[in-house]
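What follows is each chain in one-letter form.
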Amino acid sequence: MKPLKVAVICAAAFTSSLVVPSVVSMLPGVTLATAYAEEQKTKRVPALREKVYSQLARAQKLADDGDAKAGLEALDSIQERSSSMNSYEIAMMHNFYGFIYYNENDLDKAIASFEKVVNEDAIPETLRVSTTFSLAQLAMANSDYEKVIKYLAQWDVINDKPKTDAYYVLKSQAYYQLKDYQKGIENINLAIAEADSKGEMPKENWLILQRAMYYSLNQSDKVVEVLERLVKLYNKPEYWVQLGGMYGETGAEKKQLAILEAAYQQGFMKSKSDLRQLSQVYLYNGLAFKAANVMSKAMQDGVAEKSAKNYAFVAEAMVQAKEGEKSLAYFAKAAGLVSHGQYEQRIAEVSINLEKYEEAADAARKALDKGGLEFESNVYVALGMAQYNLQNFDASILAFEQAEKHKKSQRLAEQWIKYVKREKVHAETLRTALL
């Protein structure tokens, strides 16, 4: 039995880890309060006139007070007179349309409004740069990943400052969703490398994104490295379990055993799948008694089902742990939950080894009565051996004659028949002599 391999990455789980920027971080940082300062910093930008300023301020207040509809109506009345407005004033008007639409969760209209902002020629470059980046963030929130890349390319052209981790992470997220994992990993690696160079701890969702793309690129060793870092930096139960699964996939079974056992001792392994994985890893590494105890406790605690499959797992683990006597009760519980006789067969076989021949013969007969056996010949062999040890020679010979009909057990049955017949003659001779 090989240890259970756990796939640690799926698109749905990753998507839930994406961080959508807040209104404050996403929308352009230009308000009416800073508009005049902006126009002073940038050359050849027309003035924002007092009359337009007051009208925009009124629309903004209405929206801020929770009446988005009235705010939009106020902006509509301003737009009706837009032919008399300069480029900067029109841009600011669309800017506030975008604010209100975003707050109303109408991303399509918000994006359309902010696009009109950057399409105006005479606006401060800081506004153009910040709005273009916000468009990329909005496109991500709107699941339009091609546009994310498009807006970031436009931002690259007009931006004259060093790129930040937000740029690399956003670009990486878009490439991940577009399934261009190579470009995605290149960008998230740059964000993490920048944090490392500053002695800062990379954000958890960056590492999750990095792990996801390494997994998608089938770079299992890299996935292990990222998970080791997640365990060290964020110490969450799921990272311990996932790391154990990846150690199993990469052939590091001893590390898998160590990490999962440590996780279990810390109380990190609580789900049915986690405990089944641990029990299988214990069994694979020759720790059969621990495997049985983990699964048995999981059933007692109501985490794992009290199913025939789980009872049989505990029973077989007990057999491997040389605890045959304890295994019988679990085989019996499994047998009571199924219509076939395979678990009675195992009771018969284990009972033979325990020299419990009456129990073995009873179990073998029950197995044959229930049927559905994969290896019926083995049951007849077990029955024959039990009857022989009970000195029921004729019954033993009959059982072995049934086993002889099966090709798999034919040779063994023939040998037993000869042996039992000799023992029968010997026993009869001895009985006659004693008479």
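What comes next concerns the included structure. Every chain's residues receive numbers from 1 upward, in the order its sequence appears when written. The predicted origin of the model limits local features to residues at a pLDDT of at least 70 and limits the giving and counting of side-chain atom pairs to 80 or more, whereas totals for whole chains, interfaces and linings rest on all residues. Excluded from the side-chain calculation are hydrogens and water; included are all heavy atoms of the structure.

## Considering helix α20 (residues 342–353)
The following threshold applies: Helix and strand definitions here come from DSSP, where helices need a minimum of 4 consecutive H or I residues and strands a minimum of 2 consecutive E residues; each element is numbered from the N-terminal end. In this scheme, a helix's expected span is set at 1.5 Å multiplied by one less than its residue total. To sort residues, take the accessible area from a 1.4 Å probe on protein chains only and compare it with the maximum for the residue type: under 20% means buried, over 50% means exposed, and anything in between is partly exposed. Only heavy atoms enter the contact rule, under which two residues are in contact if any of them lie within 4.5 Å.
Given a rise of 1.5 Å per residue, 12 residues ought to cover 16 Å, and the 17 Å separating the end C-alpha atoms of α20 matches this to within 8%. Across the 12 residues that make up α20, a large majority, nine, are buried. If you check which residues of α20 are buried, you get Tyr-343, Glu-344, Gln-345, Ile-347, Ala-348, Glu-349, Val-350, Ser-351 and Ile-352. Each element contacted by the buried residues of α20 is listed here: α18 (308–320), α19 (324–335), α21 (357–370) and α22 (376–389). Once α20 finishes, Glu-355 follows within two positions and takes phi at roughly 60°, a positive value.

## Some points on the packing of α22 against helix α23 (residues 393–404)
Where we set the bar: In this analysis an axis means a line fitted to C-alpha atoms, helices contributing only their contacting stretch, and an angle means the value between N-to-C directions, from 0 to 180 degrees. Throughout this description, any angle smaller than 35 degrees is read as roughly parallel, any larger than 145 degrees as roughly antiparallel, any in the 65 to 115 degree range as roughly perpendicular, and the remainder as oblique. Definitions for this section: a left-handed crossing has its near helix turned counterclockwise from the far helix by less than a right angle. A right-handed crossing has that turn clockwise. Any residue outside Ala, Val, Leu, Ile, Met, Phe, Trp, Tyr, Cys, Pro, Asp, Glu, Lys and Arg is labelled polar, Gly included; the first ten of those are nonpolar and the last four are charged.
Orientation of α22 relative to α23, taken along the N-to-C sense of each, is 165°, at an axis distance of 8 Å. The orientation of α22 with respect to α23, classified from their angle, is roughly antiparallel. In terms of crossing hand, the pair formed by α22 and α23 is left-handed. Two secondary-structure elements touch here, α22 through Ser-377, Tyr-380, Val-381, Leu-383, Gly-384, Met-385, Gln-387 and Tyr-388 and α23 through Phe-393, Ala-395, Ser-396, Ala-399, Phe-400, Gln-402 and Ala-403. A breakdown of the residues in the contact of α22 with α23 according to their chemical character gives 10 nonpolar, five polar and no charged.

## Describing the pattern of salt bridges
Put simply, the rule is: Salt bridges, as used here, are contacts in which a Lys or Arg side-chain nitrogen is within 4 Å of a carboxyl oxygen on Asp or Glu.
This model, assessed by the stated rule, comprises 18 salt bridges. A salt bridge links Lys-356 to Glu-325, with the shortest nitrogen-to-oxygen separation between them at 2.8 Å. Residue Lys-356 is located in the loop between α20 and α21, and its partner Glu-325 is located in helix α19; the two are separated by 31 residues in the primary sequence. The residue Asp-394 makes a salt bridge to Lys-424 at a minimum N-O spacing of 2.6 Å. With a gap of 30 residues between them, Asp-394 in helix α23 and Lys-424 in helix α24 (residues 410–434) connect regions that are remote in the sequence. Within this structure, Glu-316, Arg-346 and Glu-349 form a network of salt bridges that share partners.

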